[in-house]
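Okay, here's what each chain looks like letter by letter:
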Amino acid sequence: MYFKQKSNVIFRSYESFGYITDSRHFGYKQANNGGNDDIGDKIVSQSGAVFLSVLSENPQPLDDLVKKISMNFISSDIDAIKTDAREFYRLLELDGFIVSGETMQECNEKDWRFSYKVAESQKEKRDCSPIRSLEKSTQEFFDEYFKNEPQLTNLHIEITSKCNERCVHCYIPHDNKTRHIEPDLFYNILEQCKEMNLLHVTLSGGEPLMHNNFDDFLKKCNEYNFSVNVLSNLTLLNIENIEEMKRNRLLGVQVSLYSMDPNIHDAITQEKGSFEKTMSAIHKLKENDIPMQISCPILKKNMNCYDMVIEWGKANNIHVGSDFIILARYNHTTQNLSNRLSTSDVREILKQKNTKDPKDFEELEKEAEHKKIDPDDIVCSVCHSSICIADNGNVYPCAGWQDYVVGNVNEASLKDIWSNSNKVQYLRSLRKRDFPKCIQCAESAFCTMCMVRNANEHHLGDPLEVNEYFCNIAKVNRELVQEWKHSLTNVLDIK
């Protein structure tokens, strides 16, 4: 019997346990998958981590795997190791993390690859949900094991600030889009990430495809077994990019598409012909079965036609995310916010969305019911599990918060910045209690607290100064949910 780790699975070994997860755990989903979005993750024991560590993406016979395992358990009986390994691998296969086969070919054929064709035809339905026996969530386990010491699992790297579009709502002033990251710096960062057991890397810009070393960067991420998300407008996509993307089974691409009307899309990017180039690239990624999702921010220019992008995505089984959150520029200028929807615009759009899909308010209500506002909770994941590095080596809490530099990897290691930066420590010390207005707010269950929204829009960059715009949006959410519930009650009374 042959066994292999699935090629879209990430494994990390710690001192006394192992962690295994699927790349889809980081947010990739198809439009028509019925909600079965990801496989999840799993904690295994120290001995389980040894059993996992000998697996690779190439099928190996059980006897060879047992020989490798036995080198770590010299005093153990080889037959007992074989029995334990066979049972352990069987359970992992049921969980969806590995595959087996009587031959190498059968084993490789079971290693399912993302495909739009399979999803569209619905000829094959796969339940990849893991069988969980853990009483604690993975994050709870990590917090307990590391004594609440934050662990860096997600890194956003802006490999260039240069961009070939000038999107009207962009939070980066175009005059600041001037340089690429040095390849040696990028590789050094990845090497540090490997040592820190990082799981996920986001590559963005600017426009990342403008960097001449993009394919080499992607290749190195693949070698290090990082899950990778590429944020790109795709207008510069070429055959070499596609071939490298196809080789990376842990990759997903996110592209912005603002309208199915070329004139509206191009008016937002301020680059004539950008719609045709982006759409052509989207079709090429689909033809090559490269996982992607579309981002469609709702602005004043596309508020009457953004839904056509969503419909197109559904027809092509590509998930489309849409929201009306626009950040002010990180230098605290706010001209780009002239493209942001007014509160009344948001109200009308939400009402229209609910008319088309009544489940929207139902899901919003469920989220609100389960959202507990604990004053001792951290505010968000920045500097707890994620951080961002720019092309010049500056380290930020997140991609949008670029005037708050917490360190520079040219001057200190990423691990040192992560562990010892005073600014990082300050952000980690903040709790929801530090936002008393939010704690006491009746709309708190319908809102997401976000420090960068506050900081960018405040003239002094104060993350604690609550942004009234998003308070008003939360109020709209609560009022619409209440109106929806009232209408349901009236219908039931009539019946």
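These numbers were taken from a predicted model, which means no experiment stands behind them.

Mind laying out the pairing of strand β2 (residues 9-13), listing which residues take part and the relevant values?
The element β2 is largely enclosed, with a buried count of four among its five residues. Note: β2 against strand β3 (residues 17-22), five bridges, orientation antiparallel. When the sheet's bridge partners are listed, Phe11 is paired in β3 with Ile20. Connecting the antiparallel pair β2 and β3 is a turn made up of three residues.

Just give me the short version of the confidence of the model for the protein chain, but keep the residues and values in it.
The pLDDT averaged across the protein chain works out to 89; a share of 92% of its residues lies at or above 70. This model gives residues 34-38 a pLDDT under 50, and the stretch forms nine contacts once residues within four places in sequence are excluded. The low-confidence segment residues 121-134 (pLDDT under 50) makes 24 contacts with residues lying over four places distant or belonging to another chain.

Residue-level account of the environment of Ala455, with values.
Here Ala455 shows up in helix α18 (residues 451-457). The spatial distance from the C-alpha of Ala455 to the C-alpha of Val481 is 29 Å, given a sequence separation of 26 residues. Once you skip the residues sitting within four places of it in the chain, Ala455 turns out to touch His332, Trp401, Gly461, Asp462 and Pro463.

Describe helix α16 (residues 422-429), with residues and values.
Along α16, the residues classified as buried are Val424, Leu427 and Arg428. Down the axis of α16, the buried set is contained in an arc of 100 degrees. They therefore lie on one face. In the core, the buried residues of α16 are packed alongside β13 (386-389), α15 (414-420) and α18. Its side-chain oxygen at 3.3 Å from the backbone nitrogen of Lys423, Ser421 defines the N-terminal cap of α16.

How would you sum up the packing of helix α8 (residues 214-223) against helix α9 (residues 239-247)? Please name residues and give values.
Remark: α8 packs on α9, axes separated minimally by 10 Å, with the N-to-C direction vectors making an angle of 5 degrees. When the axes of α8 and α9 are compared, the pair comes out roughly parallel. On α9, the residues touching Phe214, Asp215, Leu218, Lys219 and Asn222 of α8 are Glu240, Asn241, Glu244, Met245 and Arg247. Split by residue class, the contact of α8 with α9 holds three nonpolar, two polar and five charged.

How would you sum up the sheet that holds β3? Please name residues and give values.
Taking strand neighbours across the sheet as the criterion, the three strands line up as β2-β3-β4 in an open arrangement whose pairing is antiparallel. The open sheet has two edge strands, β2 and β4 (41-45), and neither has a second partner. Strand-to-strand, the axes of this sheet are offset by a mean angle of 20 degrees, without reference to chain direction.

Tell me what's going on with the environment of Trp484, and back it up with residues and numbers.
With respect to the secondary-structure elements, Trp484 resides in helix α19 (residues 468-494). Sequence spacing of Trp484 and Glu365 is 119 residues, and the spatial spacing of their C-alpha atoms is 9.9 Å. Beyond its immediate sequence surroundings of up to four residues, Trp484 is in contact with Asn354, Pro358, Phe361, Glu362 and Glu365.

Account for the pattern of salt bridges, with residues named and values stated.
Per the counting criterion, the structure on display carries 19 salt bridges. Between Arg247 and Glu244 there is a salt bridge, with its nearest N and O atoms 2.9 Å apart. Taken as a pair, Arg247 and Glu244 lie in helix α9 at a separation of three residues, close to a single helical turn. Close ionic contact of Arg340 with Glu457 constitutes a salt bridge, the shortest N to O distance being 2.9 Å. With a gap of 117 residues between them, Arg340 in the loop between β12 (320-321) and α13 (343-356) and Glu457 in helix α18 connect regions that are remote in the sequence. Residue Arg340 is classed as buried on the basis of its relative accessible area, which comes to 9%. Judged by its relative accessible area of 26%, Glu457 is partly exposed.

Account for the sheet that holds strand β5 (residues 60-61), with residues named and values stated.
Read from one edge to the other, the open sheet built from three strands follows the order β5-β1-β6, with strand pairing classed as antiparallel. Each having just a single partner strand, β5 and β6 (98-101) make up the two edges of the open sheet. When strand β1 (residues 2-5) meets β6, the two strands line up antiparallel, connected through four bridges. Its bridge partner being in β6, Tyr2 is matched across the sheet by Gly101. Packing of helix α3 (residues 78-95) onto the sheet brings it into contact with β1 and β6, and relative to β6 it is tilted by some 115 degrees.

Explain empty space enclosed by the protein to me, and be specific about the residues and the numbers.
For the structure on display, the rule yields two cavities of 30 Å³ or more. The volume enclosed by the largest cavity comes to roughly 40 Å³.

I'd like a rundown of the packing of aromatic side chains, residues and numbers included.
Throughout the structure, instances matching the rule amount to 22 aromatic pairs. Each ring, one from Tyr14 and one from Phe146, has its centre 5.7 Å from the other, and the planes form 65 degrees; the classification is edge-to-face. Placement of the pair is Tyr14 in the loop between β2 and β3 and Phe146 in the loop between α6 (138-145) and β7 (154-158), with a sequence separation of 132 residues. Residue Tyr14 is classed as buried on the basis of its relative accessible area, which comes to 14%. What links up through ring pairs into an aromatic cluster is the set Tyr14, Phe17, Tyr19, Phe141, Phe142, Tyr145 and Phe146. Lying across the ring of Tyr404, Lys423 places its NZ or CZ 5.1 Å from the centre.

Pulling in residues and values, what's your account of the nonpolar core?
Across soluble globular proteins, nonpolar side chains have a tendency to be buried as a group. Membership of the largest hydrophobic core comes to 91 residues, with the highest contact counts inside it found for Ile157, Ile282 and Ile387. Apart from the residues within four sequence positions on either side, Ile157 is in contact with Ile181, Phe186, Ile189, Leu190, Val201, Thr202, Leu203, Ser204 and Ile389.

Go over the pairing of β3 with me, naming the residues and quoting the values.
Along β3, six of the six residues are buried, which leaves the element largely enclosed by surrounding structure. Residues of β3 alternate between two faces, with Phe17, Tyr19 and Thr21 on one and Gly18, Ile20 and Asp22 on the opposite face, all of them buried. Where β3 lies against β4, five bridges are found, and the strand directions are antiparallel. Pairing of Tyr19 across the sheet is with Ile43, part of β4.

Break down the side chain of Thr269 for me, citing the residues and quoting the values.
If you trace the backbone, Thr269 turns up in helix α10 (residues 262-269). Setting aside anything within four residues of it in sequence, one finds Thr269 in contact with Glu165, Arg166, Cys167, Tyr258 and Ser274.

Conventions and cut-offs
- Here the residue index of a chain counts from 1 through its sequence in written order.
- Given that this is a predicted model, residues contribute local features only at a pLDDT of at least 70 and side-chain atom pairs are listed and counted only at 80 or more, while totals for whole chains, interfaces and linings are drawn from all residues.
- Hydrogens and waters are ignored; side-chain quantities use all the structure's heavy atoms.
- Under the scheme applied here, a residue whose accessible area is under 20% of the maximum for its type counts as buried, over 50% as exposed, and between as partly exposed, the area being computed with a 1.4 Å probe on protein chains only.
- For the purposes of this entry, the term helix denotes a DSSP run of H or I that reaches at least four residues, the term strand denotes a run of E that reaches at least two, and both are numbered from the N terminus.
- A pair of strands is labelled paired if DSSP reports no fewer than 2 bridges between them.
- pLDDT expresses, on a scale from 0 to 100, how confident the predictor is about each individual residue.
- For this analysis, residues touch if any pair of their heavy atoms sits within 4.5 Å.
- Note that the arc is computed from the directions linking the helix axis to the C-beta atoms.
- The term polar contact refers here to a pair of N or O atoms within 3.5 Å; inside protein, the definition further demands a hydrogen-donor-capable atom paired with an acceptor-capable atom, and it admits residues adjacent in sequence only when both atoms are side-chain atoms.
- Whenever a helix is involved, its axis is fitted only over the stretch in contact; in every case the axis is a line through C-alpha atoms, and angles between N-to-C directions fall within 0 to 180 degrees.
- Roughly parallel covers angles under 35 degrees, roughly antiparallel covers those over 145, roughly perpendicular covers 65 to 115, and oblique covers all other angles.
- Each residue gets one of three labels, nonpolar for Ala, Val, Leu, Ile, Met, Phe, Trp, Tyr, Cys and Pro, charged for Asp, Glu, Lys and Arg, and polar for the others, Gly among them.
- Salt bridges, as used here, are contacts in which a Lys or Arg side-chain nitrogen is within 4 Å of a carboxyl oxygen on Asp or Glu.
- Points on a 1 Å grid, built from protein atoms alone, make a cavity when a 1.4 Å probe fits but cannot get out and make a pocket when they are open with protein on both sides within 12 Å along at least 5 of 7 lines; residues with an atom within 4 Å of a point are the lining residues.
- Grid points are joined across faces, edges and corners, and a volume is the space filled by probe spheres set on the points.
- Each Phe, Tyr or Trp ring (for Trp, its six-membered ring) is paired with any other whose centre lies within 6.5 Å, and the angle between the two planes then decides the class: stacked below 30 degrees, edge-to-face above 60, tilted in between.
- A ring has a charge above it when a Lys NZ or an Arg CZ is no more than 6 Å from the ring centre and no more than 35 degrees off the ring normal.
- The definition of a nonpolar core used throughout is a set of buried Ala, Val, Leu, Ile, Met, Phe, Trp, Tyr and Cys residues joined through side-chain atoms within 4.5 Å.

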